[in-house]
Amino acid sequence: MVKNILLLDSEGKRVAVKYYSDDWPTNSAKLAFEKSLFTKTMKSNARTEAEITMFDNHTIVYKFVQDLHFFVTGSDDENELILAAVLQGFFDSVSLLLRNTVDKREALENLDLILLCLDEIVDRGMILETDANVIAGKVAVNSMDPSAPLSEQTISQALNVAREHLTRTLFQ
Amino acid sequence: MAQPLVKKDDDRDDEAEYSPFLGIEKGAVLQEARVFNDPQLDPRRCSQVITKLLYLLNQGESFTKIEATEVFFAVTKLFQSRDIGLRRMVYLMIKELSPSADEVIIVTSSLMKDMNSKTDMYRANAIRVLCRITDGTLLTQIERYLKQAIVDKNPVVASAALVSGIHLLQTNPEVVKRWSNEVQEAVQSRAALVQFHALALLHQIRQNDRLAVSKLVTSLTRGNVRSPLAQCLLIRYTSQVIRESATSAQTGDRPFYDFLEGCLRHKAEMVIFEAARAITELSGVTSRELTPAITVLQLFLSSSKPVLRFAAVRTLNKVAMTHPMAVTNCNIDMESLISDQNRSIATLAITTLLKTGNESSVDRLMKQITNFMSDIADEFKIVVVEAIRSLCLKFPLKYRALMNFLSNILREEGGFDYKKAIVDSIVILIRDIPEAKESGLLHLCEFIEDCEFTYLSTQILHFLGDEGPKTSDPSKYIRYIYNRVHLENATVRAAAVSTLSKFGAMVDSLKPRIFVLLRRCLFDSDDEVRDRATLYINTLGGDGEVVETDKDVKTFLFGSLDIPLANLETSLKNYDPSEEPFDINSVPREIKSQPLAEKKAPGKKPTGLGAAPTGPPSTVDAYERLLSSIPEFSGFGKLFKSSAPVELTEAETEYAVNVVKHIFDGHVVFQYNCTNTIPEQLLENVNVVVDASEAEEFSEVARKPLSSLPYDSPGQTFVAFEKPDGVPAIGKFSNVLRFTVKEVDPTTGEAEDDGVEDEYQLEDLEVVAADYMMKVGVSNFRNAWESMGPDFERVDEYGLGPRDSLAEAVNAVISLLGMQPCEGTEVVPNNSRSHTCLLSGVYIGNVRVLVRLQFGIDGPKDVAMKLAVRSEDEAVSDAIHEIVASG
């Protein structure tokens, strides 16, 4: 359903990309696609609303913020609004995860979160989730495994766990 | 994991190129990956290293087999850590590395442990990873857990198992099919996305069982589907069921139509759109059924979201191809989209309007487009120019407005491709609409007054030379042409000289004036221009008097070169300057089979300047001249058709042979073009022995062997067959190449005296019905069809059986008949369920034939076709049906 998700910078270079179809078998084919897509879309104003274009028999929806360009590609007979929902999910969850400072630098510094985010949105072309809150929630789960022995936890983590225990018992 | 990988450094804040991965290098990162082996794991550091590895992979870096294996083994060590963040990166890394089967075993137990963990996140991710890397044998071990996971209380776990099932169905269908019960339970899940994934999987499991799909759709359309995505899927499955049951219910109400219409009132836009699109794509949709769908799409047209506008205008554009009337209601909204910021939307709106427009709205539309043209990119302008060209062919009476429009935009700024598209369009209009000729030529003349593209100037001058002399007042073009001689570069000047002389040759009264002009060109600074002027002054003859031009001169000026340029070039290169003059007749006339890559390029439709009058006929002429020069075949009469060369050998074999089939009324001549690709051999007495035992109506009457075939210099041998007069006899011929081989000493190039007889098996050759049909297009099919009249019309219906697609079926019939598709009807729009294709041709005996083909998809893949033939001869109409019936 989804052929690729791309996150490029303001010069068309990769920040993070994920391909799900074999339309682009080699890395150079992928780079060529990214380059021509970027050149084609760079002048458009996709900052307030997501924009859309047809390109090489693919439908592509895209949205820009700061120096980041978000793209979602689907086949040309895909429901455009479904692709837009995926794009919105990706865009919003990245905004949540980067706490609204969405730019290239922040994205690269938190590349692990971006990659996990991509992993939670689409699995080999199949849409997993489009709700940004759910996606960000899944990615941000970051505490220690509660069943881990205390020896492996740092003091602050241990305190956190203790605090959670306490609040839980208090609210019951 | 939210910590930055590298501490922010305030000094570098302003630096644009700052990146935490600056100067990253694969070797160094692989070294760093050794921390995975530390007895005391540092989760944060390990995560950072994995992120770096993933970054490298993401940038397109690849690991060698050994590197990948090392990283994989190191990563498996990290299962010891209980840090959730790190574990997730481990999952990601394993998926990225896609380990081989023997490596998978290492992580299987760790992943299976995670699959049974109490943490939902572990369970969900472990399922996805394991299903991604597993093979069939392992799958049976974990099947039990997967079935449980499908009905897990946690939606994330259930979705992970279902989505993995969708992927596994491709490789291990028999296993996944056993999960039907659990999947069916999951379809009823309260979690929206679980329902979506379960529905997708269930449909895929049952997709080959029509009844089961129908049942599934029936129960769900009544029930409550929570997720908009699932609802979209349901709409798709529903239209599939409708397609498959459409034929049985011709009574009026279409099953499930109410469901689709109900979805138009759904609260999610994606569902509304999916339903509207599904309705517009119903086969044989009525205007009553279309109306509600068009209404919602019309609302979308004025949405603030570009995606929504695009989706709507694109769908309406498709509807406009089949039901232009249904879309006219949206024309006002569509017109406001002409100025849309998003140029894809604007272009779709324009082309839709041009499709739905009627003759009376053309003028208004043109005015609007004129305003819009100035602020769009060239590529969109080309689309618009092409749309206008077809509009003009549709409404020939409107040529004046459209021609004006084209000439106006021709004057404006634009790149080469755009200008070429306009010039091509004008040329096509001149050719197809006789009334448009004079004004069109004048527009072109004005254009070359101020044209920066040498290519276009020369092409237009050439065209002017062919068409200008035939107009009512040829003299008015002379000024434009002669101006070029003063003002342009040498290439254009030379072209202008040729054009001038064409006027001189064709219009005797102009000859004295042309002579004066040509004489002035004798003082040009460029050799080519002077040479041409001298040549034409001499060939035109008559010393500037008003005399009729010699016929030979006319053929020289207007005739096309019947020798392939490539062959001429080779021959000229090989020619040694000597006493003996170069003989143009020594140039081989046969066309060397081009390499595959080149063949594709000229396969594009020949439109505009580059093609038409000098294009295809010249090869036929060349063949005709070639054949009539051979005494054995001179009595066969007029050549009806020559086929394209058919390869009889594989590429890169010792001897390359292709064959051209020449069809005469009572004869067929096979021209075998042979090339010897072995430098050490000289072939003599080359002959093709043809066995016609599978072609009963044919009998061999003559043959012309090739006396010698040296290395890499193509030669031809011919075999002629007699067949009943005017009858489209068909048959299969097997061929053997027979020859005498002589060894050649590659150093001296001399052949030995004695040779050895040898033969070489060629592939079979068939004469098919399409060989008796000449591709001849008509510009206005409808007019031609009407004027042919229904006297000899034959209509019948055929089932074409299961086909891959409608387009494939259409192409098969076109190539079976060998006719020329008209008005671009050979192109089948994606996803269409029916299609009409118009064909035209001339059948043996010079009988004009027109064919109207109506295709429809009947059932899942079965294609049905209605064939209507009109021709000037009843027997020919019947013959066409026979071709289809037996093909």
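Data block above holds the structure.
Residues numbered from 1 in each chain as written. Chains lettered and ligands numbered in written order. Predicted model: local features only at pLDDT ≥ 70, side-chain atom pairs only at ≥ 80, totals over all residues. Heavy atoms only, no water.

## Let's talk about the pairing of strand β2 (residues 14–19) of chain A
All names here are of chain A.
Here comes step 1: Where burial is concerned, most of β2 is hidden: five out of the six residues are buried.
Here comes step 2: Inspection of the sheet shows strand β1 (residues 2–9) paired to β2 by five bridges, in the antiparallel sense. Opposite Leu 6, over in β2, you have Val 17 as the bridge partner.
Here comes step 3: Where β1 folds back onto β2 in an antiparallel hairpin, the turn is made up of four residues, including Gly 12, whose phi is positive at roughly 85°. (Buried < 20%, exposed > 50% of the residue type's maximum accessible area, 1.4 Å probe, protein only. Helix = DSSP H or I, 4+ residues; strand = E, 2+ residues; numbered from the N terminus. Pairing = 2+ DSSP bridges.)

## Here we look at the sheet that holds β1 of chain A
Residues and elements named next belong to chain A.
Here comes step 1: In spatial order, the strands read β2-β1-β5-β4-β3; together these five strands make up an open sheet with antiparallel pairing. Strand pairing shows two members of the sheet lacking a second neighbour, β2 and β3 (51–55), which therefore form its edges. With strand direction ignored, the average angle separating the axes of adjacent strands in the sheet is 20°.
Here comes step 2: By the bridge criterion, seven bridges tie β1 to strand β5 (residues 68–75) in an arrangement that is antiparallel. Its bridge partner being in β5, Ile 5 is matched across the sheet by Val 72.
Here comes step 3: Sitting on the sheet, helix α1 (residues 27–41) touches β1, β2, β3, β4 (58–65) and β5, and the angle it makes with β2 is about 115°. (Axes fitted to C-alpha atoms, helices over the stretch in contact; angles between N-to-C directions. Contact = heavy atoms within 4.5 Å.)

## Some words on a negative patch on the surface
Residues and elements named next belong to chain B.
Here comes step 1: On the surface, a cluster of negative charge is contributed by Glu 680, Glu 743, Asp 745, Glu 750, Glu 752, Asp 753 and Asp 754.
Here comes step 2: Summarising the element assignment, Glu 743 is placed in strand β9 (residues 731–743).
Here comes step 3: According to the relative accessible area criterion, Glu 743 is partly exposed, its value standing at 42%. (Patch = residues over 30% accessible without salt bridge, like charges linked within 9 Å, V, L, I, M, F, W, Y side chains within 5 Å. Areas by Shrake-Rupley, 256 points an atom, 1.4 Å probe, with all protein chains shown as cover. Salt bridge = Lys/Arg side-chain N within 4 Å of Asp/Glu carboxyl O. Lys, Arg positive; Asp, Glu negative; His and termini not counted. Charge placed at Lys NZ, Arg CZ, Asp CG, Glu CD.)

## Things to note about the interface of chain B and chain A
Here comes step 1: Facing 65 residues of chain B, the contacting portion of chain A comprises 58 residues.
Here comes step 2: The junction of chain B with chain A conceals about 5,500 Å² of combined surface from both sides, 52% of it contributed by carbon and sulfur atoms.
Here comes step 3: Across the chain B-chain A interface, the total number found is eight salt bridges.
Here comes step 4: For the side of chain B that touches chain A, the element with the highest residue contribution is helix α4 (residues 84–97) of chain B, accounting for seven residues.
Here comes step 5: For the side of chain B that touches chain A, the per-class residue count stands at 30 nonpolar, 16 polar and 19 charged. (Buried area = accessible area lost by both parts, 1.4 Å probe. Nonpolar A, V, L, I, M, F, W, Y, C, P; charged D, E, K, R; others polar.)

All we've got here are geometric facts, nothing functional implied.
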